[in-house]
Amino acid sequence: MSREIVEALHGLEQEKGIDAETLMAALEDALLSAYKKSPGSAKYARVDLDRDTADFRVFELILPPELEEKLLEQAAEEAEQTIDPETGELREPEEPELDPEMLRPYEDQIQSRDVTPDDFGRIAAQTAKQVILQRIREAERQMMYDEYQDRVGELITGIIQQSDNRYTLVQLRERVEALLPRSEQVWNERYDHGMRVKAVITDVSAEGKGPSIVVSRRNPELIKELFELEVPEIADGLVEIVGVAREPGYRSKIAVISHADGVDPVGACVGPRGSRVRMVVSELRGEKIDIIPYNDEPARFVAKALSPARVREVLVDDETKEATVIVPDDQLSLAIGREGQNARLAAKLTGWKVDIKSQTEFSESDEIEFEGESEESDGRCAAVLSAGRRCPNAALDGSRYCGLPQHQALARFGTNQVTVLAALSDDEVAVLADPAADQGNVATLVERAEAAHSEPAAADADADEAAPEPAEATPAPEQAEGTAQPDAESAEPAAQPNQADEIAGEAEAAESAEIADEAESAAEDQAPPPEPSDETERAPQAADGAGETSDGAGDVPASEPAEAQS
């Protein structure tokens, strides 16, 4: 061999970055394979290649029979059975061959003989070429694996080289390609040839054929990396993305937290006039993103995670990590989202099982618990919420209530209804929840809260007592006020039911006095006295005529004055 081979190997070292020693070892293996394909080749042989002159020698290895038998048995034990992919049957291991590496420890027992051929034939040269190219590809693959094995989860930018229904090839740099499989593609995205695309590395493998780097466009880490690229506060560590929940192509939710005072995590991710989040949405082909501030308190975090829906109340169970969310009736569909999407994303983001109920459904639940019905020894908070349900949180050690300030403040009262705190502000509730608060201030707040809480009940009781009894429709027959005033323009309306007896008595007395005066005047004029029976019969008729309605014939309308009987 000429020195041009050595120069070519050094050129490959500079071009592809492959170590020259690796290429020399590959050349030795190629020459050994070429020798074994030549007629009359030895069963065991090795090739020694001079690294400077490229001269090589082939030596036949003569093994003692005992050593050969021992090494063959050892190789047979290490051989593994394989499965035929076509028939599914086990393949018997082929006759083992002794690798030169197995013979190296026994060089002192092995004799060698120079059997270098004068020249190699065409087939031997072609075999040597194929072996060298294969070793170069393996070396390139190993180099690529060493470079990218520590970059899993990193954002890369590539150019689409080929795309079909099965997979898409993305060129990362020269002679380095990544595979974007169908399962890692987003349903509404198109990947045209020559288009630049950003993706996240999910797997790097040195085994098998084809691209050894797998990238994804569906992985939630893609959103984290895109925000880190667009938001300097995230890159500097001032703002951190705590969690990501994503349904690729539809909607995503991210929870952010600030590690620096004065830095708004949501505002930093949104950017001036939404410029930063708009760039991320554009890269994700219009996928909607909700940015939510992280909160250590699960109830508040779950309430924020259901954004943009407004939440009225959240009940959490720390043991089962379940949260019951009560929303206004008009916010129920918004909180659940299209096909439950908003609720699913909130559950993924928070890690809690979320059960959403409307306010009406929650208040009409069959599990309503009123004050006094729950056992104090069951370990649950004894507070009864405004909807009538008992708080599901666990009570603190040595207390009947959970850690919420509103519920701890109930220890100052004789009731466990949270509605007793309606008249107090949050600061005043915090004072009542503090065991070390000033007792004088506490007593004042308790007195004011109890007074405000008892006023509605007292007002309802007074309203019930002051309600009038149902009126009776039967008029008093003795009412004959119209007969005493013949010059009245119209008869007065019927008296109120509760004054009927009084008016009837006055009318009867006035009528008796009038009849007596008429009898005296008739006696003086020697006129025939009127019959009392007629007067007593007509008096009820006049009394009936004074009302708005009447029951018999010959009644007098209420708008016409009743005529006095003389």
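Description of the structure in this document. Because the structure is predicted, anything quoted here is derived from the model rather than measured.

Analysis parameters
- Residues numbered from 1 in each chain as written.
- Predicted model: local features only at pLDDT ≥ 70, side-chain atom pairs only at ≥ 80, totals over all residues.
- Heavy atoms only, no water.
- Patch = residues over 30% accessible without salt bridge, like charges linked within 9 Å, V, L, I, M, F, W, Y side chains within 5 Å.
- Areas by Shrake-Rupley, 256 points an atom, 1.4 Å probe, with all protein chains shown as cover.
- Salt bridge = Lys/Arg side-chain N within 4 Å of Asp/Glu carboxyl O.
- Lys, Arg positive; Asp, Glu negative; His and termini not counted.
- Charge placed at Lys NZ, Arg CZ, Asp CG, Glu CD.
- Helix = DSSP H or I, 4+ residues; strand = E, 2+ residues; numbered from the N terminus.
- Buried < 20%, exposed > 50% of the residue type's maximum accessible area, 1.4 Å probe, protein only.
- Pairing = 2+ DSSP bridges.
- Axes fitted to C-alpha atoms, helices over the stretch in contact; angles between N-to-C directions.
- Contact = heavy atoms within 4.5 Å.
- Expected span 1.5 Å × (residues − 1).
- Phe/Tyr/Trp six-rings, centres within 6.5 Å; stacked < 30°, edge-to-face > 60°.
- Left-handed = near helix turned anticlockwise from the far one by under 90°.
- Nonpolar A, V, L, I, M, F, W, Y, C, P; charged D, E, K, R; others polar.
- Core = buried A, V, L, I, M, F, W, Y, C linked by side-chain atoms within 4.5 Å.

1. Re a negative patch on the surface
Phase 1: On the surface, Glu-66, Glu-69, Glu-73 and Glu-77 cluster together into a patch of negative charge.
Phase 2: Its location among the elements puts Glu-73 in helix H3 (residues 65–78).
Phase 3: According to the relative accessible area criterion, Glu-73 is partly exposed, its value standing at 47%.

2. A closer look at the sheet that holds strand E10 (residues 213–216)
Phase 1: With mixed pairing, five strands are arranged side by side around a closed barrel as E6-E7-E8-E10-E9. In this sheet, neighbouring strand axes are inclined to one another by 55° on average, regardless of whether the strands run parallel or antiparallel.
Phase 2: In terms of strand pairing, strand E6 (residues 155–163) meets strand E9 (residues 196–204) through five bridges, oriented antiparallel. Each bridged residue has a counterpart across the sheet, and for Ile-156 the counterpart in E9 is Ala-199.
Phase 3: The strands that helix H6 (residues 221–230) touches are E6 and E9; relative to E9, the one it contacts most, it runs at about 125°.

3. Description of helix H2 (residues 20–36)
Phase 1: Helix length check: H2, at 17 residues, gives a terminal C-alpha distance of 25 Å against a target of 24 Å (1.5 Å per residue), a fit within 8%.
Phase 2: Within the span of H2, buried status applies to Ala-20, Leu-23, Met-24, Ala-26, Leu-27, Glu-28, Ala-30, Leu-31, Leu-32, Ala-34 and Tyr-35.

4. A word on the pairing of strand E7 (residues 167–173)
Walk down a regular strand and you will see the side chains alternate between the two sheet faces.
Phase 1: Both E6 and E7 contribute to a ladder of four bridges, which runs antiparallel. Bridge pairing in E7 links Ile-160 to Val-170.
Phase 2: Between E6 and E7, which pair antiparallel in sequence order, lie three residues.
Phase 3: Summarising the sheet, E7 and strand E8 (residues 176–181) pair through six bridges and their orientation is antiparallel. What sits directly across from Arg-173, in E8, is Val-176.
Phase 4: Where E7 folds back onto E8 in an antiparallel hairpin, the turn is made up of two residues, including Arg-175, whose phi is positive at roughly 65°.

5. Remarks on the packing of aromatic side chains
Phase 1: Counted by the stated rule, this structure contains two aromatic pairs.
Phase 2: Summarising the aromatic geometry, the rings of Trp-187 and Tyr-250 are spaced 5.4 Å apart at their centres and angled 25° between planes, so their arrangement reads as stacked. Note that Trp-187 is positioned in the loop between E8 and E9 and Tyr-250 in the loop between strand E11 (239–247) and strand E12 (251–258), a separation of 63 residues in sequence.
Phase 3: Its relative accessible area of 54% is what places Trp-187 among the exposed residues.
Phase 4: Note on Tyr-250: relative accessible area 45%, which makes it partly exposed.
Phase 5: Between Tyr-294 and Phe-301 the ring centres are 4.9 Å apart and the planes differ by 70°, which places this aromatic pair in the edge-to-face class.
Phase 6: In this structure Tyr-294 comes out as partly exposed when scored by relative accessible area, which is 30%.

6. A word on the packing of helix H10 (residues 298–305) against helix H12 (residues 341–350)
Phase 1: Closest axis-to-axis distance for the H10/H12 pair is 9 Å, and the angle between their directions is 145°. Considering the relative orientation of H10 and H12, their crossing is right-handed. Residue-level inspection shows Phe-301, Val-302 and Ala-305 of H10 in contact with H12, the latter providing Ala-346, Leu-349 and Thr-350.
Phase 2: In terms of residue class, the contact of H10 with H12 is built from five nonpolar, one polar and no charged.

7. Considering the pattern of salt bridges
Phase 1: Within this structure, the stated rule accounts for 18 salt bridges.
Phase 2: Among the salt bridges present, the one from Arg-46 reaches Asp-48, with a minimum N-O distance of 3.5 Å.
Phase 3: Note on Arg-46: relative accessible area 33%, which makes it partly exposed.
Phase 4: Ionic pairing is found between Arg-300 and Glu-297, a salt bridge with its closest N-O pair at 3.2 Å.
Phase 5: A single salt-bridge network, built from bridges that share partners, covers Glu-189, Arg-217 and Glu-283.

8. Regarding the pairing of strand E14 (residues 313–317)
Phase 1: With five bridges connecting them, E14 and strand E15 (residues 322–327) associate as antiparallel partners. Each bridged residue has a counterpart across the sheet, and for Val-316 the counterpart in E15 is Ala-323.
Phase 2: Where E14 hands over to E15, the hairpin turn is made up of four residues, of which Lys-321 adopts a positive phi near 55°.

9. With respect to the nonpolar core
Phase 1: Membership of the largest hydrophobic core comes to 25 residues, with the highest contact counts inside it found for Ala-383, Leu-410, Phe-413, Leu-421, Leu-424 and Leu-432.
Phase 2: Contributions of two or more residues to this core are made by helix H15 (426–433) and helix H16 (439–466).
Phase 3: Looking at which element gives the most residues to this core, the answer is H16, with four residues.
Phase 4: Every residue in contact with Phe-413, bar those within four places of it in the chain, is listed here: Val-420, Leu-421, Leu-432, Val-446, Ala-449 and Glu-450.

10. Section: the side chain of Glu-28
Phase 1: Within the element layout of this structure, Glu-28 appears in helix H2.
Phase 2: By relative accessible area, which is 18% here, Glu-28 ends up buried.
Phase 3: Aside from chain neighbours lying at most four places away, what touches Glu-28 is Val-47, Asp-48, Leu-49 and Arg-51.

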